[in-house]
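# A look at the structure
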Amino acid sequence: MDVPPLAGKIAALSLCALPVSYALNHVSALSHPLAVALMSALILGVLFVAIYSLSLGEISYDPLYAVFAVFAFTSVVDLIIALEEDGYVVGFMEFYTKEGEPYLRTAHGVFICYWDGTVHYLLYLAMAGAIRRRKRYRNLGLYWLGSFAMSILVFLPGNILGKYSSEIRPAFFLTIPYMLVPCWAGMKVFNQSRAPTCCTPNMVHEEQRKGLLRRPVDLALVIYLILAGFFTLFRGLVVLDCPTDACFVYIYQYEPYLRDPVAYPKVQMLMYMFYVLPFYGLATYALTFPGCSWLPDWALVFAGAVGQAQFSHMGASMHLRTPFTYRVPEDAWTCFFVCNLLYALGPHLLAYRCLRWPAFFLQPLLPGPPAHHKKQH
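The rules behind these values
Residues numbered from 1 in each chain as written. Predicted model: local features only at pLDDT ≥ 70, side-chain atom pairs only at ≥ 80, totals over all residues. Heavy atoms only, no water. UniProt positions renumbered as here; feature names shortened; annotations may be inferred. Helix = DSSP H or I, 4+ residues; strand = E, 2+ residues; numbered from the N terminus. Rg over C-alpha atoms; globule rule 2.2 N^0.38 Å. Buried < 20%, exposed > 50% of the residue type's maximum accessible area, 1.4 Å probe, protein only. Contact = heavy atoms within 4.5 Å. Lys, Arg positive; Asp, Glu negative; His and termini not counted. Charge placed at Lys NZ, Arg CZ, Asp CG, Glu CD. Salt bridge = Lys/Arg side-chain N within 4 Å of Asp/Glu carboxyl O. Patch = residues over 30% accessible without salt bridge, like charges linked within 9 Å, V, L, I, M, F, W, Y side chains within 5 Å. Areas by Shrake-Rupley, 256 points an atom, 1.4 Å probe, with all protein chains shown as cover.

- The name an unreviewed UniProt entry gives the protein chain is Transmembrane 6 superfamily member 2, with Daubentonia madagascariensis as the organism.
- The protein chain has a UniProt comment under Sequence similarities (unreviewed entry) that states "Belongs to the TM6SF family."

So, in structure tokens, the structure goes:
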């Protein structure tokens, strides 16, 4: 997969978040939650107008260029929030985390801001650069879609259900476009044409004739998916207060963060159980029986989703903003990191396998009608 050059214009525009946030932090009028929400909406509106006027050609070619440009700006804002909450910078976004979205000051909020300000930011620049140069970015878009969707699906319910439910401010409703835009963007990404493969019909036929035991990489992935599926089900039962001794020992001695009243870890484990677990089952089927052409796309989506989720979950489990009683005990660090790193790595290996050797998943080509040759006289 070729990685397109980054969009320099979008990068320069997104860095305007630094002086803007610094200036707004010193405006005394922004000490009211409603004023913070209105000012945030105004800035995003002005930003969209500026992008539209400066990049009309790119937007007419692909409207997602404007979406990636605006989201790149918000990614820089999120990175500033994370750095400020960890004490690396001062005086930029304190007004917003106090009066706008105070739940961003949680350990989970800090780490989703880190992910958005680094991984998502680079993805936005790469996809915007691809649009500017009229190149494909479907694979990058699918990874971003899964990552972004998982972030929203855990963060928003966690805000409503957790201990910060009484801290909902008007700025919370600015997340509504964050829910709607990815739906539209995801449809456009999925509707883009796939990159052509170099697999000939003979290669596809030969690869699909092999059984699972003759494909050691696929066999290893199937074993991984089965084990990861059991681990997913187990942690889902843990957060549902399963009374077995194994669940009791795990939640108190290995991942006490699952008991944190902020609700993000509980929502995360339920998302795993209801969405990732069925995908693991379907992926096991697709690695066993040929012709499941849907797997490469969805493997990328779930790789992004699990990558984002595990980064936030592992980081929040150790962060100082998590109360000490809910942090991972020191004697369980090794087990915690090994299990969770493997859980994050597996979907990425699956996506890499699907993209690197796609022949097994392609639809077999049907033989065409026999050619009729006219008799030469």
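### Concerning the overall build of the protein chain
- The number of helices and strands found in the protein chain is 15 helices and zero strands.
- Its C-alpha radius of gyration of 23 Å places the protein chain within 12% of the 21 Å reference for a compact globule of 377 residues.
- Out of the 377 residues belonging to the protein chain, those deemed buried represent 50%.
- Summarising the internal contacts of the protein chain: among those between residues at least 6 apart in sequence, 78% fall at separations of at least 24.
- Averaged over its 26 positive side-chain charges, the protein chain has a centre that lies 14 Å from the centre of its 22 negative ones.

### A closer look at the pattern of salt bridges
- Applying the stated criterion to the full structure yields 13 salt bridges.
- The salt bridge involving glutamate 85 is made with arginine 105; its shortest N-O contact spans 3.3 Å. A residue pair is termed long-range when its members are at least 10 positions apart, and glutamate 85 in helix H5 (residues 64-85) and arginine 105 in the loop between helix H6 (94-99) and helix H7 (107-132) qualify at 20 residues.
- For arginine 105, a relative accessible area of 29% puts it in the partly exposed group.
- Put simply, glutamate 85 and arginine 321 hold a salt bridge, and the shortest N to O gap is 2.9 Å. Of this pair, glutamate 85 sits in helix H5 while arginine 321 sits in the loop between helix H14 (295-318) and helix H15 (333-356), and the two are 236 residues apart along the sequence.
- Overlapping salt bridges bring together Glu85, Arg105 and Arg321 as one network.

### Examining the UniProt feature "transmembrane region" (unreviewed entry) in the protein chain
- Mapped onto this structure's residue numbering, the UniProt feature "transmembrane region" (unreviewed entry) falls at residues 33-52, 64-83, 103-128, 140-162, 168-187, 219-240 and 269-287.
- Split by type, residues 64-83 is 100% helix and 0% strand. Its first and last C-alpha atoms lie 28 Å apart.

### Regarding a nonpolar patch on the surface
- Together, Phe48, Val49, Tyr52 and Leu56 make up an exposed nonpolar region whose accessible area comes to about 390 Å².
- For the nonpolar patch, the element with the highest residue contribution is helix H3 (residues 33-54), accounting for three residues.

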